Amino acid sequence: QVQLVESGGGLVQAGGSLRLSCAVSGILISANAMDWFRQVPGKQRELVAHMTSGGRIDYANSVKGRFTVSRDNAKNTVFLQMNNLIPSDTAVYYCTTRWGRDYWGQGTQVTVSS
């Protein structure tokens, strides 16, 4: 059974940082592409970053230079380091992967105050 569990969200002031974690079970992240999405109520879900199984990472233009994806294969965990946060980064953040079908975590709320 594949499970993804995000953590690390919270309330932070503009300019601050947060690190989100996505603990994965049931599959190896080293063998799978992993994505981070975010969603604001009433808006379309936005792809934040995509990491291939080989470790290549593509970022949305809106977060390029501020967000960094990494992974710890030993812990089977993916991270999203978010620096220089701005109010428009406020959203629920999800990690997701595909293994036969799409799997999503429950999401973690990030709120950036001005």
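Check the entry above for the structure.
Residues numbered from 1 in each chain as written. Predicted model: local features only at pLDDT ≥ 70, side-chain atom pairs only at ≥ 80, totals over all residues. Heavy atoms only, no water.

### Focus: the packing of aromatic side chains
So, point 1. Enumeration according to the criterion identifies two aromatic pairs in this entry.
So, point 2. Both rings, one in Phe-37 and one in Trp-104, keep their centres 5.1 Å apart while their planes meet at 50°; by these two values the pair is tilted. Of the two residues, Phe-37 sits in strand E4 (residues 34–39) while Trp-104 sits in strand E10 (residues 101–104), which places them 67 residues apart along the sequence.
So, point 3. With a relative accessible area of 17%, Phe-37 lands in the buried category.
So, point 4. On the basis of relative accessible area, Trp-104 is assigned to the partly exposed category, the value being 33%. (Phe/Tyr/Trp six-rings, centres within 6.5 Å; stacked < 30°, edge-to-face > 60°. Helix = DSSP H or I, 4+ residues; strand = E, 2+ residues; numbered from the N terminus. Buried < 20%, exposed > 50% of the residue type's maximum accessible area, 1.4 Å probe, protein only.)

### With respect to the nonpolar core
So, point 1. Counting 28 residues, the largest nonpolar core has Trp-36, Leu-80, Met-82 and Tyr-93 as the members making the most contacts within it.
So, point 2. Of all elements in the fold, only strand E3 (18–25), E4, strand E5 (46–51), strand E7 (67–72), strand E8 (77–82), strand E9 (91–99) and strand E11 (108–113) reach the threshold of two or more residues within this core.
So, point 3. Sorting elements by how many residues they give to this core places E3 first, with four residues.
So, point 4. Apart from the residues within four sequence positions on either side, Met-82 is in contact with Gly-16, Ser-17, Leu-18, Leu-20, Arg-66, Phe-67, Tyr-93 and Val-110. (Core = buried A, V, L, I, M, F, W, Y, C linked by side-chain atoms within 4.5 Å. Contact = heavy atoms within 4.5 Å.)

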